[in-house]
Amino acid sequence: MFPASDVVIGATDRDATVRFFGVLGFTERVDAGDETRLLAPRASTAGIVVVPAAGSSIRRTAYDLGPGAIDVYTSDIEAGAARLADAGYEVGPIADLSLGPVDLTQVRVFGPDDVPVVLVASSHRRSSLLDHDANRLFSEGHSLVWVVADRDAEAGWWVDQGASKGMDLDFEVAGVSELLALPDPLVSVRMTMLSDPDVRPFRLELLEFVGLRGAASSVTEVGIIGLRCGTGAGALRVSPGGVRYTI
């Protein structure tokens, strides 16, 4: 199942979505029927699949369940944020989420159809194209973040399907509220990562806001649809926690 090959996005304006991810370095394009697959140069996986969609986008707010963001590593978070702002996209504040020995900053950007992407700069990042190219500003896709009601139950289900689980993280860092524009200045967060044994991208990050609940995950064909775990457009499935994927 992992690593997932792509994140699938439903776009009301395919060209606008392609341009947005082009600014993020996904410049290799393959069209196949109604689909457009975007990859970072020299990447064969961890891309973005854009499919046509009709309807209205949903900007999930506060503690809403469902897709949270597509994470992409950056070698220079200020330069990355500036590039997206200069291209006309909505860029939030750069937030400090450092934990212990890990220096971690993130910034959220909204693209067409309210698609959220979070740029991640970390002193302890997972494997990515940045490991082999010091001049690259952005990596391929790093992970898909999904907000769930119960991290442990959801993670257990994925492990039963064959996924490898990373370390459980339980923390309170003010930068989370700054990054995600949450109404509370400090929230308790539970996270974990699902991947293949080699922790290759795309990974799935589960995020639980402890004791806080927003709107239930709603089915939408506009914006982030879910993970593609494989090479073809298989049937859409949904995990117990609402994560959408095809295999």
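Bear in mind the structure is a predicted one, so any value in this text is a computation, not a measurement.

1. Considering the overall build of the chain
- Each helix and strand in the chain was counted, giving 4 helices and 17 strands.
- Its C-alpha atoms give the chain a radius of gyration of 17 Å, near enough to 18 Å, the size a compact globule of 247 residues would have.
- Its C-alpha atoms put the chain at 45 × 40 × 35 Å along the principal axes.
- Considering the chain as a whole, with its 247 residues, one finds that 51% of them fall into the buried category.
- Put simply, 64% of the contacts in the chain that link residues at least 6 apart link residues at least 24 apart.
- Total accessible area on the chain stands at roughly 10600 Å², and carbon and sulfur atoms take up 50% of it.
- A distance of 4 Å separates the average location of the 21 positive side-chain charges in the chain from that of its 34 negative side-chain charges.

2. Considerations on empty space enclosed by the protein
- Tallied over the full model, the rule gives 1 cavity of 30 Å³ or more.
- Considered as a void within the structure, the largest cavity measures approximately 30 Å³ in volume.
- Lining the largest cavity, in full, are Tyr63, Leu65, Val147, Val148, Ala149, Glu208, Phe209, Leu212 and Arg213.
- Among the residues forming the lining of the largest cavity, the class breakdown is 7 nonpolar, no polar and 2 charged.

3. Considerations on the nonpolar core
- Within the largest apolar cluster, 44 residues are counted, with the highest numbers of intra-cluster contacts made by Val7, Phe21, Leu24, Ile48, Ile70, Leu204 and Leu227.
- Among the elements that make up this core, the one with the highest residue count is helix α1 (residues 14-23) (4 residues).
- In contact with Ile48, other than residues within four places in its own chain, are Asp6, Val7, Ile9, Phe21, Phe26, Thr36, Arg37, Leu38, Ile70 and Phe202.
- Within the second largest apolar cluster, 23 residues are counted, among which are Ala69, Val120, Val147 and Leu182.

4. A few points about unusual backbone geometry
- Geometrically, the link from Phe2 to Pro3 is a cis peptide bond, its omega value of 0° lying close to zero.
- Relative to the helices and strands, Pro3 is located in the segment before β1 (6-11).
- Omega for the peptide link from Pro201 to Phe202 comes to -10°, which places this bond in the cis form.
- Phi at Asp114 takes a positive value of approximately 60°, unusual for a residue other than glycine.

5. A word on the side chain of Thr17
- Inspection of the secondary structure assignment puts Thr17 in helix α1.
- Under the relative-accessibility criterion, Thr17 is labelled buried at 1%.
- Every residue in contact with Thr17, bar those within four places of it in the chain, is listed here: Ile9, Ala11, Val50, Pro112 and Asp113.

6. Comments concerning the environment of Ile70
- If you trace the backbone, Ile70 turns up in strand β5 (residues 66-74).
- The buried category is assigned to Ile70, whose relative accessible area is 0%.
- In this structure, Ile70 is in contact with Val7, Ile9, Phe21, Ile48, Val115, Pro116, Val117, Val118, Ser143, Leu144, Phe202 and Ile224, ignoring residues within four places of it in sequence.

Rules and cut-offs
- Residues numbered from 1 in each chain as written.
- Predicted model: local features only at pLDDT ≥ 70, side-chain atom pairs only at ≥ 80, totals over all residues.
- Heavy atoms only, no water.
- Helix = DSSP H or I, 4+ residues; strand = E, 2+ residues; numbered from the N terminus.
- Rg over C-alpha atoms; globule rule 2.2 N^0.38 Å.
- Buried < 20%, exposed > 50% of the residue type's maximum accessible area, 1.4 Å probe, protein only.
- Contact = heavy atoms within 4.5 Å.
- Areas by Shrake-Rupley, 256 points an atom, 1.4 Å probe, with all protein chains shown as cover.
- Lys, Arg positive; Asp, Glu negative; His and termini not counted.
- Charge placed at Lys NZ, Arg CZ, Asp CG, Glu CD.
- 1 Å grid on protein atoms, 1.4 Å probe; cavity = no way out; pocket = protein on both sides within 12 Å on 5 of 7 lines; lining within 4 Å.
- Points joined across faces, edges and corners; volume = space filled by probe spheres on them.
- Nonpolar A, V, L, I, M, F, W, Y, C, P; charged D, E, K, R; others polar.
- Core = buried A, V, L, I, M, F, W, Y, C linked by side-chain atoms within 4.5 Å.

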